[in-house]
Amino acid sequence: MGITTELLDVCVPSGIFFYRNMQKATDTSENGEKSRGTVAFAQGAKIVEAVAKYNDETARTAKNALSIFDKYAKQYKAIDYAGKAVNWATHNVNPLICISGGIKVLTSDDKVHTGITQTGALAGMFLGEGLMKLHMGKVINEENLLKLANKAKDINGLKKISNALIKSGNSGKIASIIKGLLFVCGSITSFNIGEKIGTNTADRICADLGIKKSKKIDQKV
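Residues numbered from 1 in each chain as written. Predicted model: local features only at pLDDT ≥ 70, side-chain atom pairs only at ≥ 80, totals over all residues. Heavy atoms only, no water.

1. Focus on the overall build of the protein chain
Helices and strands together make up the secondary structure of the protein chain, namely ten helices and zero strands. Expressed as a percentage of its 221 residues, the buried residues of the protein chain come to 33%. When contacts within the protein chain are restricted to residue pairs at least 6 apart in sequence, long-range pairs at least 24 apart make up 73% of them. With an accessible surface of roughly 14000 Å², the protein chain has 62% of that area assigned to carbon and sulfur atoms. (Helix = DSSP H or I, 4+ residues; strand = E, 2+ residues; numbered from the N terminus. Buried < 20%, exposed > 50% of the residue type's maximum accessible area, 1.4 Å probe, protein only. Contact = heavy atoms within 4.5 Å. Areas by Shrake-Rupley, 256 points an atom, 1.4 Å probe, with all protein chains shown as cover.)

2. Description of the packing of aromatic side chains
Taken as a whole and judged by the stated rule, the model has one aromatic pair. Ring centres of F17 and F183 lie 6.3 Å apart, and the angle between their planes is 80°; this geometry places the pair in the edge-to-face category. Separated by 166 residues along the polypeptide, F17 in helix 1 (residues 5–26) and F183 in helix 9 (residues 171–209) bring together distant segments of the chain. Just as F17 is buried, F183 falls in that class too. In this arrangement the basic side chain of K24 is found over the ring face of F191, its NZ or CZ atom lying 5.7 Å from the centre. (Phe/Tyr/Trp six-rings, centres within 6.5 Å; stacked < 30°, edge-to-face > 60°. Lys NZ or Arg CZ within 6 Å of the ring centre and 35° of its normal.)

3. Some remarks on the packing of helix 7 (residues 142–152) against helix 9
In contact at an axis separation of 8 Å, helix 7 and helix 9 are set at 105° when each is read in the N-to-C sense. By the angle between their axes, helix 7 is roughly perpendicular relative to helix 9. Along its contact with helix 7, which presents E142, L145 and L146, the element helix 9 presents S171, G172, I174, A175 and I178. Across the contact of helix 7 with helix 9, the residue classes break down as five nonpolar, two polar and one charged. (Axes fitted to C-alpha atoms, helices over the stretch in contact; angles between N-to-C directions. Parallel < 35°, antiparallel > 145°, perpendicular 65-115°, else oblique. Nonpolar A, V, L, I, M, F, W, Y, C, P; charged D, E, K, R; others polar.)

4. Looking at the pattern of salt bridges
Enumeration according to the criterion identifies four salt bridges in this entry. Close ionic contact of E33 with R36 constitutes a salt bridge, the shortest N to O distance being 3.6 Å. Each member of the pair, E33 as well as R36, is classed as buried. Among the salt bridges present, the one from E33 reaches K104, with a minimum N-O distance of 3.6 Å. One end of the pair, E33, is in the loop between helix 1 and helix 2 (36–54); the other, K104, is in helix 5 (residues 93–106), with 71 residues separating them in the sequence. Take E33: its relative accessible area is 13%, and that puts it in the buried class. (Salt bridge = Lys/Arg side-chain N within 4 Å of Asp/Glu carboxyl O.)

5. Details of the side chain of E129
Looking at the element boundaries, E129 is found in helix 6 (residues 111–139). Salt bridges are absent for the buried E129, whose nearest opposite-charge side chain, K133, sits at 4.8 Å. Among the polar contacts listed, one links the side chain of E129 to the side chain of S187, at a separation of 2.6 Å. The residues contacting E129, other than those within four sequence positions of it, are F17, N94, F183 and S187. (Lys, Arg positive; Asp, Glu negative; His and termini not counted. Polar contact = N/O pair within 3.5 Å; in protein donor to acceptor, adjacent residues only side chain to side chain.)

6. Some points on the environment of C206
Within the secondary structure layout, C206 lies in helix 9. C206 sits 94 residues away from V112 along the chain, and the two C-alpha atoms are 7.6 Å apart. Sequence-distant contacts of C206, that is, excluding residues within four places in its chain, are made with V112, H113 and I211.

7. Some points on the environment of V48
Within the fold, V48 resides in helix 2. Exposure remark for V48: the relative accessible area of 59% places this residue in the exposed category. Along the backbone, V48 and T90 are 42 residues apart, and their C-alpha atoms lie at a distance of 9.5 Å.

8. Looking at the confidence of the model for the protein chain
For the protein chain, per-residue confidence averages 82 on the pLDDT scale, and 80% of positions sit at 70 or higher. Ranking the elements of the protein chain by mean pLDDT puts helix 10 (residues 215–220) last, at 46, and helix 6 first, at 95. Here residues 217–221 is modelled with pLDDT under 50, and outside its nearest four sequence neighbours on either side it reaches four contacts, counting other chains as well. (pLDDT = per-residue confidence, 0-100.)

9. Describing the packing of helix 6 against helix 9
At their nearest, the axes of helix 6 and helix 9 sit 6 Å apart, and the two run at 150° to each other. Relative to helix 9, helix 6 is oriented roughly antiparallel. When the axes of helix 6 and helix 9 are compared, the crossing they make is right-handed. Residue classes in the contact of helix 6 with helix 9 are distributed as 13 nonpolar, 13 polar and five charged. (Left-handed = near helix turned anticlockwise from the far one by under 90°.)

If you want it as structure tokens, here you go:
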């Protein structure tokens, strides 16, 4: 089977999020977030799970490995707990992101300001991602991509690309890649918009309550 659209649907966005969270987790500057390591771990686990599930070339090996894991999990509690932790993390990325945000608030010198800002950022991100999950697949899919290619095949400069897309039979995979990239961009944009709104709201609330921001916050802005 090789690479499938289902595999790309998971691996493209998860791969980018894994990289971004690893960057945040290993950043030694003041902007670093060590708690993002658990989020990166969960994104990586999602990729491994998808490869085992949707790629025939690795599925048999993965199944054998999992059966061995299950065997030893019955004998050793530590392995059993580790396996359950991996499984939970794989299917609970968003709660881990919320926990990471909570840790950022607790370790901040400006807990009120950071708390409001983080709430706005995460609310914006979850709202944006939710809307994309509902509607993106209806617009960006194999059928619509082929329709677009057929319309563009007679346009100078787009003939080769359109014909290659039509003949290759890979329009579904290309649609998955485009969806993944747009989902990441939309998620980051939604987070940034929510963070901006949250920051402005936090500034007003802190000013009204007479809460002064630390110098670190002022310097970052």
